[in-house]
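The residues making up each chain are set out below.
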Amino acid sequence: GEDVEQSLFLSVREGDSSVINCTYTDSSSTYLYWYKQEPGAGLQLLTYIFSNMDMKQDQRLTVLLNKKDKHLSLRIADTQTGDSAIYFCAESILAGGGNKLTFGTGTQLKVEL
Amino acid sequence: DAGVIQSPRHEVTEMGQEVTLRCKPISGHNSLFWYRQTMMRGLELLIYFNNNVPIDDSGMPEDRFSAKMPNASFSTLKIQPSEPRDSAVYFCASSFPQGLQETQYFGPGTRLLVL
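Residues numbered from 1 in each chain as written. Chains lettered and ligands numbered in written order. Predicted model: local features only at pLDDT ≥ 70, side-chain atom pairs only at ≥ 80, totals over all residues. Heavy atoms only, no water.

Draft legend 1. Molecular detail of the interface of chain A and chain B. Contacts between the two partners involve 21 residues from chain A, matched on the other side by 22 residues from chain B. The largest share of the area that chain A buries against chain B comes from A:Leu43, A:Asn99 and A:Lys100, three residues that together contribute 29% of it. The tally of links from chain A across to chain B stands at one salt bridge. Note that A:Lys100 and B:Asp56 form a salt bridge whose closest N and O atoms lie 2.9 Å from each other. For the interface between chain A and chain B, the tally reads five residue pairs in polar contact (both at pLDDT 80 or more). Among the secondary structure elements, those contributing two or more residues to the side of chain A that touches chain B are strand S4 (31-37), strand S5 (43-50), strand S9 (85-95) and strand S10 (98-103) of chain A. For the side of chain A that touches chain B, the leading source of residues is S10(A), giving five residues. (Contact = heavy atoms within 4.5 Å. Buried area = accessible area lost by both parts, 1.4 Å probe. Salt bridge = Lys/Arg side-chain N within 4 Å of Asp/Glu carboxyl O. Polar contact = N/O pair within 3.5 Å; in protein donor to acceptor, adjacent residues only side chain to side chain. Helix = DSSP H or I, 4+ residues; strand = E, 2+ residues; numbered from the N terminus.)

Here it is as structure tokens:
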């Protein structure tokens, strides 16, 4: 199966940490990605993690991967108002000689002052 | 590089009309993807090309939808005839695979409204 699920909304206060969760179903995923979509714009890559890793840190972003449970999370430290956006996780699967991404439903993050 | 370019950015048309969406991928990228985004269904992959050849069109909703990539720098997605349920934001993305890792770069999207 290729279902990728996320909670729809998350609200946090500025300065707090945000944790966005994602579950996927395909155990053959090679890479998992986090994309950000700001209003009226396309998706922009934030970070990615190889399926054999369990953690990746990139400045304020920390990605945790639990392959056994097929659970991916994105932690944003010191969340700012500019982080308000929709966040999509995606799993990558080899298909037809290329890499095919299946995106989650997206989590709308709202950062309040 | 200008990134992925899509045109038009907005399109309003009447039911039954033909709609053509255009995409110019990033130079040097050899994979191109068309997605549709709606509130109800989220982000759906419609079709993707590799080296100008359609690889997977299983996401194309029905025969009213067609996509072409005549060369490495241009692709079109056509809807004929259009219906109100086709209203959505259509994204084009391109990528250059580096082994199993492949970052897709998205265009700004075309917002389509079919009345």
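That shown, we press on.
Draft legend 2. Structural view of the layout of surface pockets. Estimated volume of the largest pocket: approximately 780 Å³. As for the largest pocket, its lining consists of 34 residues, of which A:Gln37, A:Ile86, B:Gln37, B:Thr38 and B:Met39 are closest to the centre. If you list the elements that add at least two residues to the lining of the largest pocket, you get S9 and strand S11 (107-112) of chain A together with strand S4 (31-38), strand S5 (42-50), strand S9 (88-95) and strand S11 (110-114) of chain B. (1 Å grid on protein atoms, 1.4 Å probe; cavity = no way out; pocket = protein on both sides within 12 Å on 5 of 7 lines; lining within 4 Å. Points joined across faces, edges and corners; volume = space filled by probe spheres on them.)

Draft legend 3. Region of interest: the packing of aromatic side chains. Residues and elements named next belong to chain A. Under the counting rule described, the total for this entry stands at 14 aromatic pairs over all chains. Considering the side-chain rings of Tyr-33 and Tyr-48, the 5.8 Å spacing of their centres and the 40° angle between planes classify their relative orientation as tilted. On the criterion of sequence distance, the pair formed by Tyr-33 in strand S4 and Tyr-48 in strand S5 is long-range, its members being 15 residues apart. Judged by its relative accessible area of 27%, Tyr-48 falls in the partly exposed class. Geometrically, the ring pair formed by Phe-88 and Phe-103 is edge-to-face, given 6.4 Å between the ring centres and 85° between the ring planes. (Phe/Tyr/Trp six-rings, centres within 6.5 Å; stacked < 30°, edge-to-face > 60°. Buried < 20%, exposed > 50% of the residue type's maximum accessible area, 1.4 Å probe, protein only.)

Draft legend 4. Region of the structure containing the sheet that holds strand S3 (residues 18-24) of chain A. All names here are of chain A. On the basis of which strands lie adjacent, the open sheet formed by five strands has the order S1-S3-S8-S7-S6 and antiparallel pairing. Whereas interior strands pair on both sides, the edge strands pair on one side only; in this sheet they are strand S1 (4-6) and strand S6 (55-58). Across the sheet, the axes of successive neighbouring strands diverge by a mean angle of 15°, strand direction being ignored. Judged from the six bridges that link them, S3 and strand S8 (residues 71-76) form a sheet pairing that is antiparallel. By the bridge assignment for S8, Ile-20 is matched with Leu-74. (Pairing = 2+ DSSP bridges. Axes fitted to C-alpha atoms, helices over the stretch in contact; angles between N-to-C directions.)

Draft legend 5. View of the state of the cysteines. Residue and element names in this part refer to chain A. Summed over all chains, the structure comprises two disulfides over all chains. With its sulfur 1.9 Å from that of its partner, Cys-22 forms a disulfide with Cys-89. With the S-S bond torsion at 70°, the cross-link from Cys-22 to Cys-89 turns out right-handed. Within this pair, whereas Cys-22 is found in strand S3, its partner Cys-89 is found in strand S9, the two being separated by 67 residues in sequence. Exposure class is identical for Cys-22 and Cys-89. Each is buried. (Disulfide = S-S within 2.5 Å.)

Draft legend 6. Focus on the nonpolar core. B:Trp34, B:Leu77 and B:Tyr90 are the most contacted members of the largest nonpolar core, which has 21 residues in total. Ranked by size, the runner-up nonpolar core spans 19 residues in total, among them A:Tyr24, A:Leu74, A:Tyr87 and A:Cys89. (Core = buried A, V, L, I, M, F, W, Y, C linked by side-chain atoms within 4.5 Å.)

Draft legend 7. Examining unusual backbone geometry more closely. Residue B:Ser7 is joined to B:Pro8 through a cis peptide bond whose omega torsion reads -10°. Mapping B:Pro8 onto the fold places it in the loop between strand S1 (5-7) and strand S2 (10-13). Phi angles above zero are rare outside glycine, and A:Lys70 is one such case at about 55°. Along the chain, A:Lys70 turns up in the loop between strand S7 (61-66) and S8.

Draft legend 8. Molecular detail of the pairing of S5(A). Residue and element names in this part refer to chain A. By the bridge criterion, seven bridges tie S4 to S5 in an arrangement that is antiparallel. Along S5, the bridge assignment pairs Leu-32 with Ile-49. Counting the residues in the hairpin turn of S4 and S5 gives five residues, including Gly-40, whose phi is positive at 75°.

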